[in-house]
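# Fold and contact review
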Amino acid sequence: MLLIDCPCCGVSGEETEFAAGGEAHLKREGPGSSDDAFTAYLFERKNPRGVHFERWRHAFGCGKWFHMARSTATLEVFGVYAADVLAPPQSVLDRIEEARSEGRVK
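What counts, and where the lines are drawn
- Residues numbered from 1 in each chain as written.
- Predicted model: local features only at pLDDT ≥ 70, side-chain atom pairs only at ≥ 80, totals over all residues.
- Heavy atoms only, no water.
- Helix = DSSP H or I, 4+ residues; strand = E, 2+ residues; numbered from the N terminus.
- Buried < 20%, exposed > 50% of the residue type's maximum accessible area, 1.4 Å probe, protein only.
- Contact = heavy atoms within 4.5 Å.
- Areas by Shrake-Rupley, 256 points an atom, 1.4 Å probe, with all protein chains shown as cover.
- Pairing = 2+ DSSP bridges.
- Axes fitted to C-alpha atoms, helices over the stretch in contact; angles between N-to-C directions.
- Polar contact = N/O pair within 3.5 Å; in protein donor to acceptor, adjacent residues only side chain to side chain.
- Expected span 1.5 Å × (residues − 1).

## Some words on the overall build of the protein
- Scanning the protein for helices and strands turns up two helices and six strands.
- Mapped in sequence order, the helices and strands of the protein form the string β-β-β-α-β-β-β-α.
- In terms of principal-axis extent, the alpha carbons of the protein reach across some 40 × 35 × 25 Å.
- By residue count, 27% of the 106 residues in the protein fall in the buried class.
- Sequence separation of 24 or more characterises 46% of the internal contacts of the protein that already satisfy a separation of 6 or more.
- For the protein, the exposed surface amounts to about 6,700 Å²; the carbon and sulfur share of it is 51%.

## Observations regarding the pairing of strand β5 (residues 65–71)
- Taking burial as the measure, the seven residues of β5 include six buried ones, the bulk of the element.
- With five bridges connecting them, β5 and strand β6 (residues 77–82) associate as antiparallel partners. Within β6, the position partnered with F66 by the bridge is A82.
- Taken together, β5 and the strand that follows it, β6, pair antiparallel across an intervening segment of five residues, in which L75 is found at a positive phi of about 65°.

## Comments concerning the sheet that holds β6
- The strand order β3-β4-β5-β6 describes an open sheet built from four strands, whose pairing is antiparallel. A strand with exactly one partner marks an edge of an open sheet, and here the two such strands are β3 (19–23) and β6. Neighbouring strand axes in the sheet, compared pairwise and without regard to direction, differ in orientation by 30° on average.
- Across the face of the sheet, helix α2 (residues 90–101) comes into contact with β4 (51–57), β5 and β6 while running at roughly 170° to β6.

## Concerning the environment of R70
- Looking at where R70 falls in the secondary structure, it is placed in strand β5.
- By relative accessible area, R70 is classed as buried at 13%.
- Distance in space between the C-alpha atoms of R70 and F53 is 6.7 Å, their sequence separation being 17 residues.
- Those residues in contact with R70, other than ones at most four positions away along the chain, are L2, G50, V51, H52, E54, W56, L75, E76, V77 and F78.
- Only 2.7 Å separates the side chain of R70 from the side chain of E54, close enough to count as a polar contact.

## A closer look at α2
- Its 12 residues place the ends of α2 16 Å apart at the C-alpha level, agreeing with the 16 Å of an ideal helix rising 1.5 Å per residue.
- If you follow the buried residues of α2, they end up packed against β4, β5 and β6.
- Following α2 by one or two positions, G103 adopts a phi angle in the positive range, close to 80°.

The following block contains the structure:
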């Protein structure tokens, strides 16, 4: 069971209080995009073993979307942050690098 801290409202809860929304930091394709680019946006997703950046929604709380970095192998959460950023904050990247240097994740 994941314990997640919502960065929007500050409430901590079990993963059943939240809803996963897929891969984070995707480039959304607009009306002028090619068919191949739009198909890739809709259907091609990463599913790595190890660190993954995901979108989550506090479904039974504030209802807002946010991003989370976690390991798909160990379920370790490295950090949560606002959904309106283009890349993970340096503090989250530092925690991931620390876990890699300790051999906890790939």
